[in-house]
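Residue strings, one per chain:
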Amino acid sequence: MKISIQKRLLVALGLFISIQIHSQETLTVKVMAQQDGLSQLGVSSMDFDQKGYLWAGTQNGLNRYNGNVFKVFFSGNKPNDLKDDHIRSLLFLNDTLWIATNTNSVNAYLPKENRFLNFERYKNPNEFIKFTYALTASKENIIAGAVGHIFTINRKSKTIKTLKVPDILINDFVTTLAPIHQNQYLIGTNISGVYRYDEKASKVFTDEAFHSLKNHQINSILQVNPHRILIGTNLGLYQYIIAEEKLIKLHDIYVKSLYKWNENQVFVGGLNHNYFLSNFRDLEEIHFKDFSNQEIEAVILSIKKDSLGGTFFGTETKGILYYHPLHKKFSPLRINVKNSPKKDFISIFNFLRKDDNLWMATELGFAKYNLKTKTYQLYRTDNLEYTIAQDHQGRIWAGGFEEGLVRYDERKDQFIKIPTTFKDKDVIQLTFISEEKLWIHTWSNGIFEMDLNSGKTQPVFIDGKNLIRSRTSYIDRKGGIWIGSDEGLYHLVGKNVKYYGNLSNPRVFAISEDSKGKIWVGTAKGISKIDPEKNTVTKWFRQNGLPNDFIYGLLVDDVDQVWVSTNFGLSVYDPNTNQFKNYTEEDGLQNNEFNGKAAYKDESGNFYFGGMNGFNIIRPEKVQVNKKIGSTHVEDIKLFGKSINQNILYSDTLYFSHNENVITFDFISLNFLRSEKNRYRFILEGFDDQWRPETKEKSTTYTNLNPGTYIFKVMGSNNELLWGKTDQKVIIINSPWYQTTWFKILALMSIISLIGLIFYVKNLQQKRTNRRLVKMVENRTEELNQSNAALNESLATSKKQQENISFLMQELNHRVKNNLQLITSLIDLQSFDIENKEIQEKLKLLQSRVYTVAKVHDLLNKEDNEKIQTSEFIEELIREILLFSGQKIETKFELPPFDFPTKRITYLGLIFNELVTNSIKHAFQHKNTDKKIRISGYQNESELVLIYHDNGIGFQPETKDLHSSKGLNLIFTLVKQLNGEVKIENKEGSLVKIIISKKE
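Definitions and cut-offs
Residues numbered from 1 in each chain as written. Predicted model: local features only at pLDDT ≥ 70, side-chain atom pairs only at ≥ 80, totals over all residues. Heavy atoms only, no water. Axes fitted to C-alpha atoms, helices over the stretch in contact; angles between N-to-C directions. Helix = DSSP H or I, 4+ residues; strand = E, 2+ residues; numbered from the N terminus. Parallel < 35°, antiparallel > 145°, perpendicular 65-115°, else oblique. Left-handed = near helix turned anticlockwise from the far one by under 90°. Contact = heavy atoms within 4.5 Å. Nonpolar A, V, L, I, M, F, W, Y, C, P; charged D, E, K, R; others polar. Core = buried A, V, L, I, M, F, W, Y, C linked by side-chain atoms within 4.5 Å. Buried < 20%, exposed > 50% of the residue type's maximum accessible area, 1.4 Å probe, protein only. Domains from an automatic or database assignment. Salt bridge = Lys/Arg side-chain N within 4 Å of Asp/Glu carboxyl O. Phe/Tyr/Trp six-rings, centres within 6.5 Å; stacked < 30°, edge-to-face > 60°. UniProt positions renumbered as here; feature names shortened; annotations may be inferred. Patch = residues over 30% accessible without salt bridge, like charges linked within 9 Å, V, L, I, M, F, W, Y side chains within 5 Å. Areas by Shrake-Rupley, 256 points an atom, 1.4 Å probe, with all protein chains shown as cover.

**Considering the packing of helix α4 (residues 870–885) against helix α5 (residues 905–923)**
Piece 1. Close contact between α4 and α5 brings their axes to 10 Å; oriented N to C, the two are set at 40°. For the element pair α4 / α5, the angle class is oblique. Viewed along their axes, α4 and α5 form a crossing whose handedness is right-handed. Seen from α4, the contacting residues are T870, F873, I874, L877, I878, I881, L882 and S885; seen from α5, they are I905, L908, G909, F912, N913, V916 and I920.
Piece 2. Each residue belonging to the contact of α4 with α5 can be placed in one class, and the counts come to 11 nonpolar, 4 polar and no charged.

In structure tokens, the structure reads:
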């Protein structure tokens, strides 16, 4: 049977010694094993289904890979289960995965039905077909290799036909089947060599052309082109020339697998040694390495390329290796010199390119890398060198910690110290502001300006202060100087200085400029973009897509993409899409951690980024982009966190009851290249108003979904954030029975019937009631007619009495008014017979008061309201009093409209009567002309204020007690009745202020 592994290794070692390897190539691969869910490390066969999933057969289960994790199908006892875990070969054809198993013949998996078929149950007298090893297919049949036989399965009828391999050794078995042209196949066996199979003739026969391969273990047969076939054996690699029917041995190597890599190369898998074969002659050894640069020794059993440009290698003991030519976008470079105290992890902090030499400031000194010869030279100082720059004459200047200022002497090929007057020897930045002037930035003593001709230095003050730790500077296209420090960013134009303190962080590590004149700043926490014309600052942080907030270096390429180095790789910001692309050590960077100031752009547009373990040279426009995008699928749907166990991949519409409303969608993007960078967008139409923001999560949950129809749509991106097509599932949540249409119709019909019945019953009742009411109405009508006649008679009597009362009231008012006028006239007549002036004055005063009462009585008879418009009443009253007095006095009224209770209006009339009478009697006794009275007032929510003002002589100083005057005493008494107070003062005459509270 099989040769032992130890024996094969010895044979391969003996053969390998005689092989001439012309060159070597390294393939950096991703290793997928048990930690990814792979059921076993030995992967004998692989294939892809029509949706893009990778299927892998092992000795312990069938695996399906989605770029993130393996799903394993194990054997079971149910009718539709897989019958054997030991998988020998896989072949996906149309909509069926054909599986050759170790002891249960051929199985077939139907993805759309999610079930397995087993062909051992089809009765066949040949028991050897249960041991199958190889699969291939023709137009009508599946062709399988077994122990001593091959057999075909008709794909339509499922009938099985067996053919014995002639002259095959006992217990020998078919290892490989290879179509060579129509209806013609080559059969490789484990011991007995190579045979031919003619499907049309249904015959297996020997071929003398392959006689020399008798007793060879045939592991792989590959038709490279219409003229040549390669045969891989345990004893060498052979070439068969079809036209000449000639077999030629190419190399003495142990061959386990063959695969056409491209039009010019064939992959040859051996025992822990793998090769590219070119021109059917030259071998180029292949080394596999993982992303930690560890070499992988692997026996390759199967190879399969995906449609996205990647290649999967199934190995004997190392799981699956995945290679993609775009996996490594960059190539790291390491300083390699003999005089270095260490061989790796030499930190780099600054760059300068001059001609073909790249100068670097490192932790060990200054290093020079020749870009043509790829050789290094270290100018060791054992100081941490931090900055290196070139002046306008092309001279190289540099500095570092404890180094001070140095300049490269090209003739002596060494760096010489430049004396300075300042004490700080930690030089962190050099800025040539002109041909004669150099600014030297120090760590703790600020900035100093050196005259390059005289060597003299003087301190430079920025915005009036000594700026320390100004580790970076930049001169923009307009000649402006930008200086970044731990205290923020400064912009110098001539003598004008502008400070930017509102950056994402005050600690500035990098400054650059785009084609539009915008200034980009890398800080200890995020990126800031400054628009100097608009004076605006825009910021980006980790939550916006950066891999890390600490920005060490920042460069802008020719299309205004912003490249930044961080504590976790490189990131590229595209302002057109507002997206970040992130790269790590797995993409070929020197390390995930970079260093401050270690970002440089030369005149040719090349970028240089340095860090903890070397540097990268990047040409931005030549960085390859993966433009191929895999499909995205909803893989599973969970209800309340548990899978619903349906074939979701092949289901378009799913139904749920009304209380099944917490639904989780699991989805995946079949982009295998750097699948951890895949992103997703999704929307649940009928619930979401718009697409959710992109996320790296591969699952989402919706809760409390109302009954209705929803469409879940999801799209995935590849590692370059290029988006593919959407996958969608229709979700229908049924309404509860009481919300269904049929129930609503039935309920509506029932309600209508009930309403009709109610109306019918009500109508009968109403008719009975109407008949009873008609009788009652007739009786009551008769009674009402009699009552109405009596009432009309009573109303006539009442109206006549009301008219009599109205007449009596008019007569009473008339008599009161006449009596008041009569009293006034009698007082007037009496005054003529009295010569005493004092008595005459008192009679006049009495006459005035009676007159006022009469006016108030007259006004009240005209108004029926409880309140009257008082301002008009006061104006009319005062004019009547003045007219009655016969005095010519100018009056001015500035009263606001206000209402006053009718029952208290008499008091108010008497008050103004006393005031006017007082003015006539006392204020104007010595004035015949220019006599004025002004009445004003105002009110608020709590009080009413009335102001009486005349321009007479005012109250005399000798009048100490205002209450001693009877007139004034009457005023005080009346105001008190109104719940008010009186204030009197002399102000260009007499001023009386009456304040009346509105609270009764």
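**Some remarks on the nonpolar core**
Piece 1. Membership of the largest hydrophobic core comes to 50 residues, with the highest contact counts inside it found for F312, I320, I637 and F665.
Piece 2. By residue number, the principal contributor to this core is strand β61 (residues 663–669), which donates 4 residues.
Piece 3. Looking at which domains feed residues into this core, each of domain 1 (39–258) and domain 3 (631–739) gives three or more.
Piece 4. Leave out the neighbours within four places in its chain, and I320 touches K30, V31, M32, L38, V43, M46, L54, A56, F70, F312 and F313.

**Here we look at the pattern of salt bridges**
Piece 1. Applying the stated criterion across every chain, the model contains 36 salt bridges.
Piece 2. The partner of R115 in a salt bridge is E113, and the shortest N-O contact between them spans 2.3 Å.
Piece 3. Classification of E113 as partly exposed rests on a relative accessible area of 46%.
Piece 4. One salt bridge in this structure joins K260 and E263, with 3.8 Å as the shortest N-O distance.

**Description of the packing of aromatic side chains**
Piece 1. All told, the structure shown has 60 aromatic pairs when counted by the stated rule.
Piece 2. Measuring from ring centre to ring centre gives 6.3 Å for Y65 and F312, while their planes differ by 75°; the resulting arrangement is edge-to-face. Here Y65, found in strand β4 (residues 61–65), pairs with F312, found in strand β28 (residues 311–315); they are 247 residues apart in sequence, far enough to count as distant.
Piece 3. Overall, Y65 belongs to the buried group, its relative accessible area being 2%.

**A look at the UniProt feature "transmembrane region" (unreviewed entry) in the protein chain**
Piece 1. UniProt marks residues 742–761 with the feature "transmembrane region" (unreviewed entry), using the numbering shown here.
Piece 2. With 100% helix and 0% strand, residues 742–761 has end C-alpha atoms that lie 28 Å from one another.

**Observations regarding a nonpolar patch on the surface**
Piece 1. Judged by side-chain polarity, L754, L757, I758, Y760, V761 and L764 come together as a nonpolar surface patch covering roughly 550 Å² of accessible area.
Piece 2. One can find Y760 in helix α2 (residues 741–833).
Piece 3. Judged by its relative accessible area of 53%, Y760 falls in the exposed class.

**Let's talk about unusual backbone geometry**
Piece 1. Residue S105 is not a glycine yet carries a positive backbone phi of 55°.
Piece 2. Within the secondary structure, S105 is located in the loop between β7 (96–101) and β8 (106–110).
Piece 3. For F640, which is not glycine, the phi torsion reads 55° and is therefore positive.
Piece 4. Here F640 is to be found in the loop between β58 (632–639) and β59 (642–643).

**A look at the environment of Q939**
Piece 1. Along the polypeptide, Q939 turns up in strand β69 (residues 932–939).
Piece 2. For Q939, a relative accessible area of 35% translates into the label partly exposed.
Piece 3. Residues Q939 and I996, 57 residues apart in the sequence, show an inter-C-alpha distance of 9.4 Å.
Piece 4. Among residues more than four places away in sequence, those in contact with Q939 are P897, F898, L944 and K998.

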